[in-house]
Amino acid sequence: MTLTDDVTLALLLAGCGFYLAGTVGLLRFPDVFCRLHALTKADNLGLFLVCSGLAVHSGEARVVSLLLLIWLVGLLAATVSAHLIARHAHQHLATSPEDSNEQR
Amino acid sequence: MTLFLLDGLIVVGLVTLAYQAVSSRSLFRGIIHFVVFGLTMALAWARVGAPDLAMAEAAIGAGLTGALMLVAYRRLVEGRSDSPADPAPAQSRLALPIAIGSGLLVGVIGLSALFSEVEPAQAGQAVLSELQQVDLGNPITAVLLLYRGLDTLLEVAVLLTAFLAARAVAGADGGEGSATTPAPETPMVGALLAVVIPLTVLVAIHLLRAGSYEPGGAFQGGAVLAGAGVLLILSGRIAATPVAGPLIRMGLLAGLVSFMLIGLVPLLKGSPLLALPGLWAVYFIETAMMLSIAITLILLFAGGGGLKRGRNG
């Protein structure tokens, strides 16, 4: 294995770890806001790590810029949808764990 | 080994998700499972080397069908019952025999495919050598338009028929009761749309153009364009009207009519029906089909006959 492969592997594994943490948080946290907290932080970083791992692996300028674009669009979509869900939850739903469980 | 693991994961996931989608107690969960099933199916298509199908599956099977199901759920189910939990439907007595029969059918087909002697495929080679003369790098688009033109034409006709049937079922009241919640007044939605809509249109045009030499084409481009329309409807930028304006009607018919007209011309010259006169015809028909597909899907989602500028437009 070359150095590039090592770096790729490390980045991909770290990204998967963050995704796993975010998913565990989504499943285990008690209410909407905590779940969003887990998702928005961990998954965005996970996506960044996976994208950069793939970028290191390919090394082509075109692929790297495409991966950067994917990450940015993913960030934008995740941010806005999390914002909208949080807003809706804040305005309409009771925040007790039982109620938000139903809305999952 | 790793790829084998991945394939196994996809297969197990597909079966599990399919079972969850049809057997879920809550209809809402069933819909979500169906969407995830569509995405996994797209992965499976990509794994067997069919990127065209993977894109169509992800865009139409998971994205737009999921959106249609969710909007139908909101209209038909959510408002009706007071309790959020759906009543569990009684299991039909036919369920078990049908399940066993389907399983046997799949098993027999799979086994016969495994044990049958594969004849060397002649048609594919012949088509590929014929295609050298046509300037279409993507054999899938070429086969769809040059050799299976009738199939493609009928697919567009089926889509139009489905839309007309939906309009007939919805009746005249469609379009009045808006399917969407009032759009939230937050500047972030506008910011998202300002970035995503141009990007989506760009991707759709790219898919259409790319369809001639790499995976892509009218259906994929149309589905992506329809995704942009769904976003605009959800954010209240455009809204449904009961009756379509002339522009929308023309858009709805553009694909079918242009394909039929250009397909009929060869008859006058004594060539077979639907023998396309050249590359320009392929591009023209694909563009018209993309617009028609997008408008049909958007109108199906909006639940109306036409579109107008929405509250926040």
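Residues numbered from 1 in each chain as written. Chains lettered and ligands numbered in written order. Predicted model: local features only at pLDDT ≥ 70, side-chain atom pairs only at ≥ 80, totals over all residues. Heavy atoms only, no water.

Asks: Which residues make up the pattern of salt bridges, and what are the values?
Replies: Residue and element names in this part refer to chain B. Going through the model one piece at a time under the given rule, you end up with 1 salt bridge over all chains. Put simply, D7 and R47 hold a salt bridge, and the shortest N to O gap is 2.7 Å. On the criterion of sequence distance, the pair formed by D7 in helix α1 (residues 2–23) and R47 in helix α2 (residues 27–47) is long-range, its members being 40 residues apart. Classification of R47 as partly exposed rests on a relative accessible area of 33%. (Salt bridge = Lys/Arg side-chain N within 4 Å of Asp/Glu carboxyl O. Helix = DSSP H or I, 4+ residues; strand = E, 2+ residues; numbered from the N terminus. Buried < 20%, exposed > 50% of the residue type's maximum accessible area, 1.4 Å probe, protein only.)

Asks: Residue-level account of the packing of aromatic side chains, with values.
Replies: Across all of its chains, the model carries 3 aromatic pairs over all chains by this definition. Taking 4.9 Å as the distance between ring centres and 50 degrees as the angle between the ring planes, the aromatic pair formed by F48(A) and W71(A) counts as tilted. In this pair, F48(A) sits in helix α2 (residues 32–58) while W71(A) sits in helix α3 (residues 61–92), placing the two residues 23 residues apart along the sequence. Between F28(B) and Y73(B) the ring centres are 5.6 Å apart and the planes differ by 45 degrees, which places this aromatic pair in the tilted class. Here Y73(B) lies in helix α3 (residues 51–78) and F28(B) lies in helix α2, a separation of 45 residues in the sequence. In this structure Y73(B) comes out as buried when scored by relative accessible area, which is 10%. (Phe/Tyr/Trp six-rings, centres within 6.5 Å; stacked < 30°, edge-to-face > 60°.)

Asks: Which residues make up a nonpolar patch on the surface, and what values do they have?
Replies: On the surface, L253(B), V257(B), L261(B), L264(B), L267(B) and L273(B) cluster together into a nonpolar patch covering about 520 Å² of accessible area. Looking at the element boundaries, V257(B) is found in helix α10 (residues 246–268). (Patch = residues over 30% accessible without salt bridge, like charges linked within 9 Å, V, L, I, M, F, W, Y side chains within 5 Å. Areas by Shrake-Rupley, 256 points an atom, 1.4 Å probe, with all protein chains shown as cover.)

Asks: Describe the nonpolar core, naming the residues involved and giving the relevant values.
Replies: All names here are of chain B. By size, the foremost hydrophobic cluster in this structure holds 25 residues, and its most contacted members are L252, F259, L276, I285, M289, M290 and L299. Secondary structure elements with two or more residues in this core: α7 (149–170), α8 (187–210), α9 (218–234), α10 and α11 (279–302). In terms of residue count, the dominant contributor to this core is α11 (8 residues). Ranked by size, the runner-up nonpolar core spans 14 residues in total, among them A59, A67, A223 and A302. (Core = buried A, V, L, I, M, F, W, Y, C linked by side-chain atoms within 4.5 Å.)

Asks: Any chance you could break down α9(B) for me, citing the residues and the numbers?
Replies: All names here are of chain B. In a regular helix each residue adds 1.5 Å, so 17 residues correspond to 24 Å; α9 covers 24 Å between its end C-alpha atoms and thus fits that length. Counting buried residues along α9, 12 of its 17 residues qualify, which places the element largely inside the surrounding structure. Listed as buried for α9 are A218, Q220, G221, G222, A223, V224, L225, A226, A228, G229, V230 and I233. A positive backbone phi angle near 75 degrees is found at G236, which sits one or two residues after α9. (Expected span 1.5 Å × (residues − 1).)

Asks: Tell me about α10(B), residues and numbers included.
Replies: Residue and element names in this part refer to chain B. Bending of α10 peaks at approximately 50 degrees at the position of A254. Of the positions making up α10, those classed as buried are I248, G251, L252, G255, L256, S258, F259, I262, G263 and P266. Just downstream of α10, G270 is the residue with a positive phi angle, here 85 degrees. (Bend = angle between axes of the 7 residues up to and from the residue.)

Asks: Which residues make up the packing of α2(A) against α3(A), and what are the values?
Replies: Residue and element names in this part refer to chain A. Viewed as axis vectors pointing N to C, α2 and α3 meet at an angle of 175 degrees, and their least axial separation amounts to 9 Å. As summarised for this structure, α2 and α3 are arranged roughly antiparallel, according to the angle between their axes. Looking at the contact of α2 with α3 residue by residue, the class counts come to 19 nonpolar, 5 polar and no charged. (Axes fitted to C-alpha atoms, helices over the stretch in contact; angles between N-to-C directions. Parallel < 35°, antiparallel > 145°, perpendicular 65-115°, else oblique. Nonpolar A, V, L, I, M, F, W, Y, C, P; charged D, E, K, R; others polar.)

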